[in-house]
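Understanding the architecture of this molecule
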Amino acid sequence: LGTYLARWAEQRAQQSIPRAPQAARVSMTNWANDLNLRVKPLLENCGWNVIRKSYRMEIELTSAPVEPIWPDGITLRTFVPGQDERATVEADRDSFQDHWGYVERPFEEELKMFKHFMSKHDFDPTLWLLAIDGDRIAGICLNQPQSDDDPDMGWVSSLGVRREYRRRGLGQAFLQYSFADFYRRGQRKVGLGVDASSLTGAQRLYERAGMHVARVNSIFEKELRSGVDLSTQSIEK
């Protein structure tokens, strides 16, 4: 059954190749928990290769977390539906242009995806945090009340800081605020996902905030068409 599904997914993906730019490389990616020992040989038999690792990182909140210190000139507010969608998408795109594998989508398509995410039953705008510098969003921290597989764990879904605001403590402040906010809401664990070889050193930030690696995932890839790789592979200076 697993082999059938993997091959069906590839056939379905092949149908979308014409949507990519003519000279672009096209590939499929997938991931699996390293504890699932059956997935790796299954996918390798179907022509997939492990190209990277990702981590699920967690923290247990045994006492009230410290309150954050925000960088000078930065204020925090929560997301306002009907007002902040476009600016938040712009900040998200800027923040994640240095994420390995990032490929920019058309703006309106990405906006549509954000609005779809907001339609989920557990969407809570008071958990979407915006760091503001004047009239500009410096960074975002979009949280969920719980992870998909653990109702007792708060989840940091997307934490990103625009290039010009990095190395000022904004990411650390986002995490500290989020931990304290989840603690006030009764959550005693918080988790997030991160690229194990993050180009921006995100894992080190999370470790400094007290998080640890709780799960290791393998990232698999299968090339469908060779060509120019449009995805982010290193940070442009």
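In this text the structure is predicted, and so the values were computed from the model without any measurement.

1. A look at a nonpolar patch on the surface
Together, Leu-1, Tyr-4, Leu-5 and Trp-8 make up an exposed nonpolar region whose accessible area comes to about 540 Å². Within the secondary structure layout, Leu-1 lies in the segment before helix H1 (2-14).

2. Re the nonpolar core
Leu-159, Leu-170, Leu-175, Phe-179, Leu-192 and Tyr-206 are the most contacted members of the largest nonpolar core, which totals 28 residues. Sorting the residues of this core by element identifies strand S2 (49-60), strand S4 (128-133), strand S5 (136-144), strand S6 (153-161), helix H5 (170-184), strand S7 (189-195) and helix H6 (202-208) as the ones contributing at least two each. Here this core takes five residues from H5, the largest share from any one element. When residues no more than four places from it in sequence are discounted, the contact partners of Leu-192 are Tyr-55, Arg-56, Met-57, Trp-155, Val-156, Leu-175, Tyr-206 and Met-211. By size, the runner-up hydrophobic cluster in this structure holds 14 residues, among which are Val-89, Met-118, Ile-140 and Leu-142.

3. What about the packing of aromatic side chains?
If you walk through the whole model with that rule in mind, you get seven aromatic pairs. Seen in terms of ring centroids, Trp-70 and Tyr-177 are 6.3 Å apart; in terms of plane orientation they differ by 55°. Their pairing is tilted. Of the two residues, Trp-70 sits in the loop between S2 and strand S3 (75-78) while Tyr-177 sits in helix H5, which places them 107 residues apart along the sequence. For Trp-70, a relative accessible area of 21% corresponds to the partly exposed category. Put simply, the rings of Phe-79, Phe-114, Phe-117, Phe-123 and Trp-128 pair up and form one aromatic cluster. Over the ring of Tyr-177 we find Arg-184, and its NZ or CZ is 5.8 Å from the ring centre. Sitting above the plane of the Tyr-183 ring, Arg-188 keeps its charged end 3.8 Å from the centroid.

4. Let's talk about helix H3 (residues 85-95)
For the α-helix, the turn length of 3.6 residues means that residues three or four positions removed from each other point alike. The set of residues buried in H3 consists of Glu-85, Thr-88, Val-89, Ala-91, Asp-92, Arg-93 and Ser-95. In this structure, the buried residues of H3 make contact with helix H4 (107-118), S4, S5 and S6.

5. Overview of unusual backbone geometry
Phi is positive for Arg-167, which is not a glycine, with a value near 65°. The residue Arg-167 is located in the loop between S6 and H5 in this model.

6. Digging into the pairing of S6
Within S6, eight of the nine residues are buried, which leaves it mostly tucked inside the rest of the structure. As defined by bridge partners, S5 adjoins S6 across six bridges and the pair is classed as antiparallel. Note on S6: the bridge partner recorded for Cys-141 is Leu-159. Taken together, the three bridges between S6 and S7 define a ladder with parallel strand orientation. Paired with Trp-155 across the strands is Gly-191, a residue of S7. Remark: the S6/H5/S7 crossover connection has right-handed handedness.

Definitions and cut-offs
Residues numbered from 1 in each chain as written. Predicted model: local features only at pLDDT ≥ 70, side-chain atom pairs only at ≥ 80, totals over all residues. Heavy atoms only, no water. Patch = residues over 30% accessible without salt bridge, like charges linked within 9 Å, V, L, I, M, F, W, Y side chains within 5 Å. Areas by Shrake-Rupley, 256 points an atom, 1.4 Å probe, with all protein chains shown as cover. Salt bridge = Lys/Arg side-chain N within 4 Å of Asp/Glu carboxyl O. Helix = DSSP H or I, 4+ residues; strand = E, 2+ residues; numbered from the N terminus. Core = buried A, V, L, I, M, F, W, Y, C linked by side-chain atoms within 4.5 Å. Buried < 20%, exposed > 50% of the residue type's maximum accessible area, 1.4 Å probe, protein only. Contact = heavy atoms within 4.5 Å. Phe/Tyr/Trp six-rings, centres within 6.5 Å; stacked < 30°, edge-to-face > 60°. Lys NZ or Arg CZ within 6 Å of the ring centre and 35° of its normal. Pairing = 2+ DSSP bridges. Right-handed = clockwise from strand over helix to strand, strands pointing away.

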